[in-house]
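Notes for the structure review
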Amino acid sequence: MRPVLFALLLALPLAARAQDIQWHGFLDLRIVDAAAQRSWIAGGTGKLRYGGGGTQGRFGGAALIGTAQLTPALLAYADVQFRNDDGASLELIEAYLRYRPVSLTPWRWSLKAGAFFPPVSLENDAIGWTSPWTLTPSAINSWVGEELRSTGTEFLVERRGAHSSIEARLAAFVGNDPAGEILAARGWSLGDASYGFGGQVREPDVYALEEGVVPPLRYRPFVELDQRLGWYADLTWRSQRHGRYSVMYYDNRADPTERSTYDGHTTFAWRTKFWGLGAQRRLGPIEIIAQAMTGSTLFTPSPSYTGETRFHAGYVLAGWARGEWRPALRLDLFSLRQIPPSEVPLSEHGNAITAALSWRPRPWLRVTGEVVRMESWRRQRILENAVAGRTDTQVQLGARLLF
Amino acid sequence: MIRSGPFRRNARCFAGALAAALLLATRLLCAAELFVEISDQDGGPVEDAVVSLTALDGRPALPDPPPSTTKSIDQRNEVFVPFLEIFRPGDRLVFQNNDSTRHHVYSFSEVKSFEFVLAKGESSTPILLDRPGVIAIGCNIHDSMIAYVFVSDAPWVGRSDRRGSVHFDKLPAGTYTIALWHPWQTPGEEGAAQHITIDAAVTSVRAAFSLSLLPDPRQPRDRERSIY
Ligand SMILES: [Cu+2]
């Protein structure tokens, strides 16, 4: 994180002279009918953001995003968000500089340096890495928001045609060595609490107790533990006629034997690799988005034991893309398998149906009603004296003020 | 391209008809008007289509080439205005930044490539458009900003309005080839060239065309997605 802050400090004198500084953001307030099971954010094994039952007003979050066009080719971007799900927390979601000189050929390159999301999500293209379709992102992108952030450099080259373009990205990054731990410890979840630098992810209390730690057990997902570079590559084809198609590979190249002590707890490095596939297509007024991910994460807490978790997830979303009213429907499927299985296996499988209706009566207002119904089966819940398989429903009515 | 109103045209044609009766030279003096109506695959009107007319048999007398002009494309609220403009070879193009923000206007088209960083209130130097063809224009700061310039050496050329209609005036009798172009027209589905014959006896002709268009990539400005 320090190099990022340093780069941003260097950019400040330029920013003072920049003509184009913009501030945007949102303030999100909701009424939530929570799922019955205690949320993982509160230390439970519930997979939704809000658990424990009951209907009450909630603070969904606030974001402040600053952009400064320092020179015609140099853009500075920073996104800071505030949440109070697991204690009040102000976190830096992304901060980077992008250098993109103009090109008078079909080829154009750019370089991004700082802390940024790997280009996994096809949903989260609205302000502050939110989804314009639903409040709750898919299982895949919920995990990206919780545990994936690249601190480093991304090189992008585009070839632009009359009606289509091809983009290739290659990035090298430090940090993010614990990425994958939450999938092993908790499994997949659906929630729009995006974590940033300064934030800590909480593991289920039953997992902490199994590890011999008095809960709450929290860790910082973006730290560097092994001084090894991670990388990802992405290839995207965009066509005005056929839509957008992406394939990516990610490997944090963490050394699974590494660990470090933060805040009195041991944080392990998890070697996490995955393939991601994405497709987005417009069929008349309907937008279709689909993504799939398959990968694995492993750690070696002792020379005699390596725990691996293989994870798979996918979703299909269909949304109405015209007018003030935007209904969207999404089906998520997810599973993961622990190898070798422990006495109380951390394997799981499940699905979720999300139905949302967004209304944009004013440019500064978005009102969204959303129902998430999730079926999941996870043996870990037995440790909480609960049954492994359950169905949870979370209903939200939210107002997001945009500025 | 002539955009005079129908009343003026009718009056002119009436005068022309009188003259024709006197001089027995109807065909040369009483010119017809042509309305081209363009719809998309869903039957909706197509705006910003370019309709070019060329004489097929060489019989229609060609209009005098108009004098070279300079036309500008503005930037307002991070949008190029107009989205599409027609030029003649020899015309000049100026970009004018009437926005509160800076723009980096550029094109890498084969016909003409250029780039201008324009602070608010600034205008580019005039660009001489010497060759016919299509020039796609973007802004390297704001990816959503796009515009098109169509440089045409056709004797008659026009751009469709919001109702999908192009109006040509004072067309001499003869047979014409009508060519259509639109930025979103589906590649490979341009269709064969169409011909139309304007008889000396008629004063008004209508021609309807259908274009298969790709989805419009332009998104309306939205605060929720205004981060570039
Ligand atoms: Cu611009």
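Residues numbered from 1 in each chain as written. Chains lettered and ligands numbered in written order. Predicted model: local features only at pLDDT ≥ 70, side-chain atom pairs only at ≥ 80, totals over all residues. Heavy atoms only, no water.

Some words on the overall build of chain B
Keep this limit in mind: Secondary structure is summarised from DSSP: a helix means a run of H or I of at least four residues, a strand means a run of E of at least two, and numbering begins at the N terminus for each. Only protein chains enter the accessibility calculation, which uses a 1.4 Å probe; a residue is then buried when its area is under 20% of its type maximum, exposed when over 50%, and partly exposed in between. Residue contacts are counted whenever heavy atoms from the two residues lie within 4.5 Å of one another. Only the protein chains shown count as cover for residues, and the accessible areas themselves come from Shrake-Rupley with a 1.4 Å probe.
Secondary structure assignment for chain B yields two helices and 16 strands. Of all 228 residues assigned to chain B, the portion counted as buried reaches 47%. When contacts within chain B are restricted to residue pairs at least 6 apart in sequence, those whose partners lie at least 24 apart make up 66%. With an accessible surface of roughly 11,300 Å², chain B has 54% of that area assigned to carbon and sulfur atoms.

Quick notes on the interface of chain A and chain B
Applied cut-off: Buried area is understood as the total, over both parts, of accessible area removed when two parts are fitted together, assessed with a 1.4 Å probe. Any Lys or Arg side-chain nitrogen found within 4 Å of a carboxyl oxygen on Asp or Glu counts as a salt bridge. Nitrogen and oxygen atoms within 3.5 Å of one another constitute a polar contact, given that in protein one can donate a hydrogen and the other can accept it, and given that sequence-neighbouring residues count only through two side-chain atoms.
Contact residues are listed per partner, giving 37 residues for chain A and 32 residues for chain B. Counting the surface chain A buries against chain B, the share from its top three residues, P72, L104 and Q240 of chain A, is 20%. Across the chain A-chain B interface, the total number found is seven salt bridges. The salt bridge partner of D143 of chain B is R100 of chain A, with a shortest N-O separation of 2.8 Å. Where chain A touches chain B, the interface holds 14 residue pairs in polar contact (both at pLDDT 80 or more). Within the residue set of the side of chain A that touches chain B, elements represented by two or more residues are β1 (20-33), β2 (55-71), β3 (74-83) and β20 (389-402) of chain A. If one sorts the elements of the side of chain A that touches chain B by residue count, β2 of chain A sits on top with five residues.

Structural notes on the pattern of salt bridges
Proximity of charged atoms lets side chains of opposite charge pair with each other. Residues and elements named next belong to chain A. Taken as a whole and assessed by the stated rule, the structure comprises 40 salt bridges over all chains. A salt bridge links K47 to E348; the nearest nitrogen and oxygen atoms lie 2.6 Å apart. Here K47, found in the loop between β1 and β2, pairs with E348, found in strand β18 (residues 348-362); they are 301 residues apart in sequence, far enough to count as distant. For E348, a relative accessible area of 4% gives the class buried. For R186, the salt bridge identified is with E146, shortest N-O distance 2.9 Å. Residue R186 is located in the loop between α3 (181-185) and β8 (201-202), and its partner E146 is located in helix α2 (residues 139-147); the two are separated by 40 residues in the primary sequence.

Looking at the packing of aromatic side chains
Residues and elements named next belong to chain A. Note the cut-off: Whether two aromatic rings pair depends on their centres lying within 6.5 Å, for rings of Phe, Tyr and Trp, where Trp uses its six-membered ring; planes under 30 degrees apart make the pair stacked, over 60 edge-to-face, and the rest tilted. Whether a charge lies above a ring is judged from NZ of Lys or CZ of Arg, which has to be within 6 Å of the ring centre and within 35 degrees of the ring normal.
One pass over the structure, following the stated rule, counts 30 aromatic pairs over all chains. Three or more aromatic residues joined by ring pairs form one cluster here, namely W143, F173, W188, Y232, Y250, F274 and F311. Sitting over the ring of W40, R186 keeps its end group 4.2 Å from the ring centre. One Lys or Arg, R400, reaches over the ring of F26 and ends 5.0 Å from the middle of that ring.

Remarks on unusual backbone geometry
Cis geometry marks the peptide bond from I339 of chain A to P340 of chain A; its omega dihedral reads -10 degrees. Structurally, P340 of chain A can be placed in the loop between β17 (325-339) and β18. Following V81 of chain B, the chain continues to P82 of chain B via a peptide bond in cis, the omega torsion being 0 degrees. Locating P82 of chain B in the fold gives a position in the loop between β4 (79-81) and β5 (84-87). The phi torsion at N77 of chain B lies on the positive side, around 50 degrees, for a residue other than glycine.

Some points on the coordination of the copper ion
Four donors placed tetrahedrally about a metal ideally form angles of 109.5 degrees, and six donors placed octahedrally ideally form angles of 90 or 180 degrees. Residue and element names in this part refer to chain B. Put simply, the rule reads: Only nitrogen, oxygen and sulfur atoms qualify as donors, provided they sit within 2.8 Å of the metal or within 3.2 Å for Na, K and Ca; with water excluded from the atoms, sites may seem incomplete.
Those donors, H103 (ND1), C139 (SG) and H142 (ND1), are the protein atoms that reach the copper ion, and they lie 2.0 to 2.2 Å from it. Read N to C, the donor residues that coordinate the copper ion are spaced as H-x35-C-x2-H. Under the relative-accessibility criterion, H142 is labelled buried at 2%.

Notes on the pairing of strand β6 (residues 92-97) of chain B
Our working rule: When DSSP finds two or more bridges between two strands, those strands count as paired.
Here six bridges tie strand β3 (residues 70-76) of chain B to β6 of chain B, and the two strands are oriented parallel to one another. From the neighbouring strand, K71 of chain B faces β6 of chain B, where its bridge partner is L93 of chain B.

Digging into the nonpolar core
Spelled out, the test is: Among buried residues, those of type Ala, Val, Leu, Ile, Met, Phe, Trp, Tyr and Cys that are joined through side-chain atoms within 4.5 Å constitute a nonpolar core.
In this structure, W143, W188, Y250, F274, M293 and F311 of chain A are the most contacted members of the largest nonpolar core, which totals 51 residues. Core analysis: the second largest hydrophobic core is formed by 32 residues, I38, V46, L84 and L171 of chain B among them.

Describing empty space enclosed by the protein
All names here are of chain A. Heads up, the condition is: Space inside and on the surface of the protein is sampled on a 1 Å grid over the protein atoms alone, with a cavity defined as a set of points where a 1.4 Å probe fits but cannot get out and a pocket as an open set with protein on both sides within 12 Å along at least 5 of 7 lines; lining residues have an atom within 4 Å of a point. Grid points are joined across faces, edges and corners, and a volume is the space filled by probe spheres set on the points. Residues are grouped as follows: Ala, Val, Leu, Ile, Met, Phe, Trp, Tyr, Cys and Pro are nonpolar; Asp, Glu, Lys and Arg are charged; every other residue, Gly included, is polar.
Tallied over the entire structure, the rule returns two cavities of 30 Å³ or more. In this model, the largest cavity occupies a volume close to 160 Å³. Looking at side-chain class alone, the lining of the largest cavity contains six nonpolar, eight polar and six charged residues. In this structure, the second largest cavity spans a volume of roughly 70 Å³. Lining the second largest cavity are 13 residues, and of these V120, G276, L277, G278 and Q291 lie nearest its centre. When its residues are assigned to classes, the lining of the second largest cavity shows eight nonpolar, four polar and one charged.

What is shown is where atoms sit, not what they do.
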